[in-house]
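# Remarks on the overall topology
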Amino acid sequence: MADHVQGLAQLEILCKQLYETTDTAVRHQAEKALVEFTNSPDCLSKCQLLLERGSSSYSQLLAATCLSKLVSRTSNPLPLEQRIDIRNYVLNYLATRPKLAAFVTQALIQLYARITKLGWFDCQKDDYVFRNVIADVTRFLQADTTHPLTKHRKIASSFRDSSLFDIFTLSCNLLKQASGKNLNLNDENQHGLLMQLLKLSYNCLNYDFIGTSTDESSDDLCTVQIPTSWRSAFLDSSTLQLFFNLYHSIPPSLSPLVLSCLVQIASVRRSLFNNAERAKFLSHLVDGVKRILANPQCLPDPNNYHEFCRLLARLKSNYQLGELVKVENYPEVIRLIANFTVTSLQHWEFAPNSVHYLLSLWQRLAASVPYVKATEPHLLETYTPEVTKAYITSRLESVHVILRDGLEDPLDDAGLVQQQLDQLSTIGRCEYEKTCALLVQLFDQAAQSYQELLQSTNSSTADITVQEGRLTWLVYIIGAVIGGRVSFASTDEQDAMDGELVCRVLQLMNLTDSRLAQAGNERLELAMLSFFEQFRKIYIGDQVQKSSKLYRRLSEVLGLNDETMVLSVFIGKIITNLKYWGQCEPITSKTLQLLNDLSLGYSSVRKLVKLSAVQFMLNNHTSEHFSFLGVNNQSNLSDMRCRTTFYTALGRLLMVDLGEDEDQFEQFMLPLTAAFETVAQMLSTNTFNEQEAKRTLVGLVRDLRGIAFAFNAKTSFMMLFDWIYPAYMPILQRAIELWYHDPACTTPVLKLMAELVHNRSQRLQFDVSSPNGILLFRETSKMITTYGNRILTLGEVPKDQVYGVKLKGVSVCFAMLKAVLSGNYVNFGVFRLYGDDALDNALQTFIKLLLSIPHSDLLDYPKLSQSFYSLLEVLTQDHMNFIASLEPHVVMYILSSISEGLTALDTMVCTGCCSSLDHIVTYLFKQLSRSTKKRPAPMATDDRFLHIMQQHPEMIQQMLSTVLNIIIFEDCRNQWSMSRPLLGLILLNEKYFADLRNSIVNSQPPEKQQAMHLCFENLMEGIERNLLTKNRDRFTQNLSVFRREVNDSMKNSTYGVNSNDMMS
C-alpha cells in the first residue's frame, strides 16, 4: 500500500513538472517518464487511484488522457466488460464531483464520448450497451440541475440516425425551459449550464451529416445537410424564433453562440423545403435579421459582430436574390444591411477579419443582378455604389491614421488585400459608371497632390508617404475593377471607362519611374504589378478584340495605338523593375512572373520578340544589366529561385525565331558557358572560395532548368543537350559529391537533372545510331547512386529538419528515376545483356533510400508520396522481375506502402497505388497460372516471389478488404482505378472473398440480406477466371452497377457492418 502511495506522489510531481515548469530539460524528462507510465501493464489501476486520491487537477487530467488511449488502442483492446465499467465509473465520477477543473471535466467527457463511439456496435446479450447515451445523460442532468475512416463513418451514420435528433430536441427543450425562467446569469453554474446547452445545440447542427467534412477549416459558405427526418423542427418557426429570442434576452458574452446556431440554421439545405415552405422559412429568418439590425446594442462586441456578419453572408449563399426580393420587408432590410455595411467599412480598424463576410454578401448579390427574374425591385443599383464608395474612401482615409499611430498596415497582408479586391471587382462592376467616376475623381485629387508635393521644396516625407499610400490603394482597386470585366456583360462605354483608368495609372507609372534613381515605394510598385497582371488577363492575348474602345482611349491620350505598343510599355516596366529593384525579392519575383505570363500567349510572344527591348534582354542577360543575376554573398541561396522563372520566359522568347540556328543558340548561351568555365576552374584547384563556387553553380543550374523547361521541341532541346553533355556533366556530378549534405546546393542540381531526363512533348528523340539515350541514363544512374549513398551516411536527422536535409532530395531522385524509366528513349534490356550495372545500381539505390524512410513519412510529405508512388507504378509495370527478386522484408515494405496509399486522401496517390497493385496481382496470377500448366520451370526469383505471397496471404487479403470497403462504404472518387486490381485480388483469394461477402451480407438487417446477396451474385455474373482485357472491362461495368445497388440498399438502413468487420 505504501508503494502505491509513494508511486502516486511521484506521478503527481511528474504531472506538475510537465504542465508547470519552464525548464525544457525537466519537462522533457517528465514527459519521458509519463510515456513509460502510459505503456506500463498496471496503468489502468493506477489511473483509477489517481482519479480517486489525486490531489491536483493535472493528475486527474493525466488519468483521463491515459484512459482515452487505453480504450482507443486497436492492438490488444480492452474487454467489453471492462469498457462498460470505465464508462459507468466516469459518469458517476462526473456526477459526484461537480467542482472539477473545467479541463478535467472536458477530458472525462471526451473519454465517455470515445468509449461510446468506439463501442457503438458492441452487443451484450443482444443489447447495444453503449447506445443509451440520452438516457444516461438525461439522468445526469436531472440529478444535477478519426483512421480507419470507414468504421468511424458507419458509427457516425448510425448515431445520426438513431440518436442525434433526440439530442437536438432535448437541447432545444432545455433552452426553452431556461429562457422561460429568470436565470441568474451572474451565478457561474447557471451561466456555465446555459453555455454548454448552446454548445450542444451548435454541435448537433454542425454535425458531419453526410461524412464529407475531411477538413473543418474548409469553405465557410457551406450547406448544412440536415436529414429529412428533422424537417418538423425547421418547418416549425418556433425553433428559429427560440434562438432569435435568446439572442435578445441573454448577455453579450453568450450571444455569439446563439448566432453560431443561427448561422447553421440559415444554411440548412434548400431541398429540405418545397418552394412555399422555403419562402416562409426565409421570411422568418429575414425578420429575425431585421430585428437584430434595428436593435444593434450587442453588435459592438467583436464576437457577436463577427458571427452576425457570417449570418448575413449565409442569406445570399443559401438563397437566391429572386427569393429574397419577395420577402415582405425586403426594401427595409436591404437598406439596413447597406447602412450596417457602410458603417462597418468606415470603422475599418474594428474587427477587420469580419469584413470578408460582408463583402462576400454584396459580391454574391451584385453577381446575381443580371439573372434575377422577379418583378419586385432589388434596389441594388441604389445601395451597391454606396458600399463600393465606403470601401474605397475608408481605405484611403486609413492611410493617414495608420502612419500617424504606427498601426499595422493591411497592405502588408497580401492575401487579405487580394481576397477583398477579388470581392470588390464584382461589387464595383455593378453600376460601373458610378464606380469609375468616383475612382477618376479620387485618383486625380491624389495624383495632383502627389505631384505638387514632389515639386515643392519644403514638403515633408510623411505627406509624400501618405499620398503614395492612397495611390497604392487606388492602383490596386483600379486593377481589381478592370479584372472584374465579364466579356458577355461589358459594353463599349465600360471599355472606354477602363481606358480612362488605365491612362491614369500609366501616367502615374511614368512619374514614379522617373524618380526611381532617387527614391521608390515598394508597396506602390507591387500595386502596379497587380494592376498590370489584371490588365494583361483582360486586354492582352489571343481572345481580346483589338477594336476595343480601351485601345482607342489609350491612343488618344498616350499615343499607344495597338497591342504591340502596349506590350512595349509592359516590357519597359519589367526592365525598369529588374534594373532598380533587383535586390527586392517580392518585386523581382512578381515582375518575372508577369514576364513569364506574357511569354505564354501564342500571339503576344511573337509580338514581344519583335520589340527592341526584348532583343536587348536576349542578348544581355548578365548581372551587369540585371543585378538579381549577380553572385551576391549577402543573399540566401534559395533567393535565386526567381532566376528559373526569368530563363523560362527568355527560353520561350528565344525559341520563337531560333529554328535550327546553332550560332544564335551559342551566342545566347555565352554568359552560361562563362559561368560553367568559372566553376570548372574553381573545382580543379584545391583552394577555392566554397561559398562563391556554390553561389555561381546554384545560379547557373537554376538558369539552365528554366531554359530546359522552355525548350519543349526536339530541335532546340537537342542543342541544349549537346551543349551540356558531355562537356559540363562531370561538374554537376562533382558538385553532388562535394556538397551532398547541403540541400540548398544539391536540390537545384538534382532538379536540373530531373528536367533534362524528362521527355516532355517527346523532345528526347535520339537518332537510331546515337547512344545518347543510354549515356544519359548512365549519368542519371551515377547521380542517383552518388547522392543516395552519400545522403545515407548522414545517419539520424532531427524530425524538424528531415524533409529539407534528406527527403526533399530523395523525392527529386525518385522523380528523376521515374522520368528516365518512363521516357521511352532507353532500351533497358541492353544493360544486363552487356554486363552494364547502371540500371542495377540505380534500382538498388532506390531500395536503400526507400528502406531508410518510415512508412508514415511517405504519406506525410505530399511531394515525396507523389514521386514515390508514380515511380512504383512504373517499376511494377516495366520492371516487375526486379520487384520479384527483392528480399522478403523489402517486398513486404512495398506492399505495406501500397496498402496504406490505397486510403490516402490524395487521389493521385490512391490511383497510383491501384495501378501498382494491379500490375503485382496480374504478375502473381500469371505465375500461378503458369505453374499449374506444364510449362518450362520458372526462374528462381518468380518462385521466391510466389513463396513470399503464399507465406503472407494476409497482406493481399487486407488489400482486398480495403478496396472493397472503399467501394461500398466511402465516397470513391476513382472507381475505375479501384476496379482494375479488385478482380485479380478476388481471383487470387476466392475463399477469403466468399467469407468477406458473407460477413457483409450477415451484417445487414434481416430484410435486406437477400438484396445484398443478390448484389454480390450480380457482381460476378459472366466473369471468367482470367485477367484478359475483355473480362476486366466486364467486371468494371458490373462493379458500377454493384456500387449503385449496394448504396440504394443501404440508404435507409440504420444498421452498419459489425464491429469485427473486414477492416478490423
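All right, on to the overall build of the protein then. Within the protein, the regular secondary structure consists of 49 helices and 2 strands. Against the globule reference of 31 Å for 1064 residues, the protein gives a C-alpha radius of gyration of 34 Å, in line with a compact fold. Based on the C-alpha atoms only, the size of the protein along its principal axes is roughly 90 × 90 × 70 Å. Across the 1064 residues in the protein, those meeting the buried criterion constitute 51%. A distance of 4 Å separates the average location of the 99 positive side-chain charges in the protein from that of its 110 negative side-chain charges.

It helps to recall that an α-helix has 3.6 residues per turn; residues three or four apart then point in one direction. With 18 residues, helix 9 (residues 188-205) extends 26 Å from end C-alpha to end C-alpha; this agrees with the ideal 26 Å at 1.5 Å per step. Considered for burial, the residues of helix 9 that qualify are Leu-194, Leu-197, Leu-198, Ser-201, Cys-204 and Leu-205. Considered in projection along helix 9, the buried side chains sweep an arc of 125 degrees and stay on one side of the axis. Every exposed residue of helix 9 that faces more than 90 degrees away from the buried side is listed here: Glu-188 and Asn-189.

Tallied over the full model, the rule gives 36 aromatic pairs. The ring of Tyr-602 is capped by Arg-606, whose NZ or CZ atom sits 4.0 Å from the centre of that ring. The ring of Phe-717 carries Arg-763 above its face, with NZ or CZ at 4.0 Å from the centroid.

Remark: helix 38 (residues 838-851) packs on helix 42 (residues 888-901), axes separated minimally by 11 Å, with the N-to-C direction vectors making an angle of 70 degrees. One way to sum up the angle between helix 38 and helix 42 is to call them roughly perpendicular. Where helix 38 crosses over helix 42, the handedness of that crossing is left-handed. Seen from helix 38, the contacting residues are Ile-847, Leu-850 and Leu-851; seen from helix 42, they are His-889, Val-890, Tyr-893 and Ile-894. In terms of residue class, the contact of helix 38 with helix 42 is built from 6 nonpolar, 1 polar and no charged.

For the structure shown, the criterion picks out 32 salt bridges. Close ionic contact of Glu-431 with Lys-434 constitutes a salt bridge, the shortest N to O distance being 4.0 Å. The partly exposed category is assigned to Glu-431, whose relative accessible area is 28%. Salt bridges here are not isolated pairs; linked through shared partners, they connect Asp-444, Glu-500, Arg-504, Arg-553 and Glu-556.

Before going further, it helps to examine the packing of helix 26 (residues 585-598) against helix 29 (residues 642-658). When two helices pack together, their arrangement is given by the angle between the helix axes and by the axis-to-axis distance. It is the contact of helix 26 with helix 29, at a shortest axis distance of 9 Å, that shows an interaxial angle of 20 degrees. By the angle between their directions, the pair helix 26 and helix 29 is classed as roughly parallel. At the point where helix 26 passes helix 29, the crossing takes the left-handed sense. Here Thr-588, Ser-589, Leu-592, Gln-593, Leu-595 and Asn-596 of helix 26 lie close against helix 29, whose contacting residues are Cys-642, Thr-645, Phe-646, Thr-648, Ala-649 and Arg-652.

This part takes up the side chain of Thr-786. Locating Thr-786 in the fold gives a position in helix 35 (residues 772-791). Thr-786 sits in the buried class, given a relative accessible area of 11%. Reaching out from Thr-786, the side chain makes a polar contact with the backbone oxygen of Lys-782 at a distance of 2.6 Å. Filtering out sequence-adjacent residues up to four positions away, Thr-786 remains in contact with Ile-736 and Glu-737.

Here we take up the environment of Gly-541. Structurally, Gly-541 can be placed in the loop between helix 23 (522-539) and helix 24 (549-558). Taking relative accessible area as the criterion, Gly-541 reaches 14% and is therefore assigned buried. Between the C-alpha atom of Gly-541 and that of Gly-601, which follows or precedes it by 60 residues, the distance is 6.2 Å.

Taking 1.5 Å per residue, 13 residues should reach 18 Å; helix 11 (residues 237-249) reaches 18 Å between its end C-alpha atoms and fits that length. Taken together, the buried positions of helix 11 are Thr-239, Leu-240, Leu-242, Phe-243, Phe-244, Leu-246 and Tyr-247.

Further remarks concern the state of the cysteines. In total, this model carries 0 disulfides according to the counting rule given. In this model Cys-172 remains outside any disulfide bridge; the closest cysteine sulfur is found in Cys-204, 8.1 Å from its own. No disulfide involves Cys-813; its sulfur sits 14 Å from the nearest other cysteine sulfur, which is in Cys-745.

Turning next to the nonpolar core. In terms of nonpolar packing, the biggest core is built from 358 residues, with Phe-234, Trp-362, Phe-646, Leu-720, Phe-777 and Leu-821 touching the most fellow members. Here this core gets 12 residues from one element, more than from any other, and that element is helix 21 (residues 461-483). Dropping the residues within four chain positions of it, Trp-362 is found in contact with Ile-334, Ile-337, Ala-338, Thr-341, Leu-380, Tyr-383, Thr-384, Val-387 and Ile-427.

Conventions used here
Residues numbered from 1 in each chain as written. Predicted model: local features only at pLDDT ≥ 70, side-chain atom pairs only at ≥ 80, totals over all residues. Heavy atoms only, no water. Helix = DSSP H or I, 4+ residues; strand = E, 2+ residues; numbered from the N terminus. Rg over C-alpha atoms; globule rule 2.2 N^0.38 Å. Buried < 20%, exposed > 50% of the residue type's maximum accessible area, 1.4 Å probe, protein only. Lys, Arg positive; Asp, Glu negative; His and termini not counted. Charge placed at Lys NZ, Arg CZ, Asp CG, Glu CD. Expected span 1.5 Å × (residues − 1). Arc of directions from axis to C-beta. Phe/Tyr/Trp six-rings, centres within 6.5 Å; stacked < 30°, edge-to-face > 60°. Lys NZ or Arg CZ within 6 Å of the ring centre and 35° of its normal. Axes fitted to C-alpha atoms, helices over the stretch in contact; angles between N-to-C directions. Parallel < 35°, antiparallel > 145°, perpendicular 65-115°, else oblique. Left-handed = near helix turned anticlockwise from the far one by under 90°. Contact = heavy atoms within 4.5 Å. Nonpolar A, V, L, I, M, F, W, Y, C, P; charged D, E, K, R; others polar. Salt bridge = Lys/Arg side-chain N within 4 Å of Asp/Glu carboxyl O. Polar contact = N/O pair within 3.5 Å; in protein donor to acceptor, adjacent residues only side chain to side chain. Disulfide = S-S within 2.5 Å. Core = buried A, V, L, I, M, F, W, Y, C linked by side-chain atoms within 4.5 Å.

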